[in-house]
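# Topology and contacts: notes
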Amino acid sequence: MFSSVPGQGQECSGQCSCPSAPPRCSPGVSLVLDGCGCCRVCAKQMGELCTEKDVCDPHKNLFCDIGAPISRRIGVCTAREGASCVFGGTVYKSGETFQSSCKYQCTCMDGAMGCVPLCSMDIRLPSPDCPMPRRVKVPGKCCEEWECDSPYKDTLLGPALSAFREEETYGPDPKMMRENCLVQTTEWSACSKTCGLGISTRVTNDNHECRLEKQTRLCMVRPCESQMEQSIKKGKKCIRTPRVSKPMKFEISGCTTTKSYRPKFCGVCLDGRCCTPHRTTTLPMEFKCPDGQVMKKHMMFIKSCACHYNCPGENDIFEAMYYKKMTGDTA
């Protein structure tokens with residue numbers, strides 16, 4: 001419950017009254033604790049009005065600028081000092097959000113850009129009524145939609161190849177047949193970031209309802225700003241799968257793992273090759289937040305990496321590396 005001061009915005013009182021379920025925020029908008037420490041809310045974005053209760057997005061380095069006089073209670077979300085970004089010949093301020101195309105919404109964060117897809121990334125697995133699903137471009141629409149093909153299409157070159165899907169399936173495996181359900185699971189996608197904490201996704205119907213659902217896990221290919229080149233032995237060109245020397249904790253949005261780990265990471269090469277995860281496993285983890293909340297997440301742990309020349313372009317933030325596959329995951 002919050003008291004409202006006319007003309008001054010909302011202030012916090014001693015009582016909290018939150019909805020039963022947190023709100024669903026737009027792509028790229030953080031779900032945060034309100035300024036009163038009561039409820040989970042969608043953070044205010046650059047240029048939006050803010051109050052003591054309605055906080056600005058901390059993950060985009062925004063703050064509530066109330067200006068003068070000091071007695072004012074309503075402000076505007078403004079970016080803290082940070083490096084700007086240049087994309088497509090346009091300069092964007094740190095904290096500014098923009099659409100690079102109809103498919104992506106991006107945010108400039110101190111010289112670096114992060115983007116989220118605006119189109120659905122759902123995966124449709126083969127089924128008896130749709131044995132060969134594929135995405136097709138629909139005239140007048142930005143996002144592709146699913147279409148069902150027959151198993152074979154006659155062409156001048158013979159039967160057409162199967163349509164490419166963003167994630168291939170492992171199955172179906174006859175041994176995974178349950179009552180009225182043929183269990184199928186896609187491979188995990190590659191990590192969304194080449195360094196630092198990212199996410200990896202897969203789709204499965206391995207549940208009691210035999211219903212397709214997307215699963216996510218945290219992942220870290222390597223720490224950012226790591227000096228792995230210094231660890232390459234004399235006469236060698238790569239360090240493939242180094243393990244950290246001391247136990248470490250992972251952190252996400254201010255929340256830290258309750259346990260310490262000694263993970264393996266993918267290394268680097270001196271001859272232009274890049275190293276990416278090859279064999280991985282998935283383990284449960286607990287994160288404890290400053291407000292006492294405990295989050296349970298799954299995380300990718302690397303078993304081995306492969307070094308190759310199939311590397312993404314340095315400045316291509318939409319590189320298809322996100323959809324390259326890892327093999328041999330045991331979870």
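Residue numbers run consecutively from 1 along every chain, following the written order of its sequence. Selection of residues for local features in this predicted model requires a pLDDT of at least 70, selection of side-chain atom pairs for listing and counting requires 80 or more, and totals for whole chains, interfaces and linings are taken over all residues. Hydrogens and waters are ignored; side-chain quantities use all the structure's heavy atoms.

### A short note on the overall build of the chain
To keep things clear, this is the line we draw: A run of DSSP states H or I qualifies as a helix once it reaches four residues; a run of E qualifies as a strand once it reaches two. Both are numbered from the N-terminal end. Buried means the residue's accessible area, taken with a 1.4 Å probe over protein chains only, is under 20% of the maximum for its type, while exposed means over 50%, and partly exposed covers the values in between. Here, two residues are considered to be in contact whenever any of their heavy atoms come within 4.5 Å of each other. Only the protein chains shown count as covering a residue, and every accessible area follows the Shrake-Rupley method with a 1.4 Å probe.
When helices and strands are tallied, the chain shows 0 helices and 26 strands. Sorting the 331 residues of the chain into buried and exposed places 32% on the buried side. When contacts within the chain are restricted to residue pairs at least 6 apart in sequence, those whose partners lie at least 24 apart make up 49%. About 20100 Å² of surface is accessible on the chain, with carbon and sulfur atoms providing 53% of the total.

### Some remarks on the pattern of salt bridges
Basically, it comes down to this: Definition used for salt bridges: Asp or Glu carboxyl oxygen within 4 Å of a side-chain nitrogen of Lys or Arg.
Tallied over the full model, the rule gives 5 salt bridges. Between lysine 141 and glutamate 145 there is a salt bridge, with the nearest N and O atoms lying 2.9 Å from each other. When its relative accessible area of 35% is taken as the criterion, glutamate 145 is described as partly exposed. A salt bridge links arginine 273 to aspartate 271; the shortest N-O distance between them is 3.0 Å. With relative accessibility at 26%, the residue arginine 273 sits in the partly exposed group. Residue aspartate 271 is classed as partly exposed on the basis of its relative accessible area, which comes to 24%.

### Let's talk about the state of the cysteines
Applicable threshold: Here, a disulfide means two cysteine sulfur atoms that sit within 2.5 Å of each other.
Counted under the stated rule, the structure contains 14 disulfides. The disulfide that involves cysteine 18 links it to cysteine 39, with 1.8 Å between the sulfurs. With the S-S bond torsion at -85°, the cross-link from cysteine 18 to cysteine 39 turns out left-handed. Remark: cysteine 39 occurs in the loop between strand S3 (31–33) and strand S4 (40–42) and cysteine 18 occurs in the loop between strand S2 (9–12) and S3; sequence separation between them is 21 residues. Note on cysteine 18: relative accessible area 39%, which makes it partly exposed. On the accessibility criterion, cysteine 39 (7% relative accessible area) is buried. Between the sulfur of cysteine 25 and that of cysteine 42 lies a disulfide, 2.2 Å long from S to S. One quick way to see it: the torsion about the S-S bond of cysteine 25 and cysteine 42 is about -100°, and its sign makes the bridge left-handed. Here cysteine 25, found in the loop between S2 and S3, pairs with cysteine 42, found in strand S4; they are 17 residues apart in sequence, far enough to count as distant.

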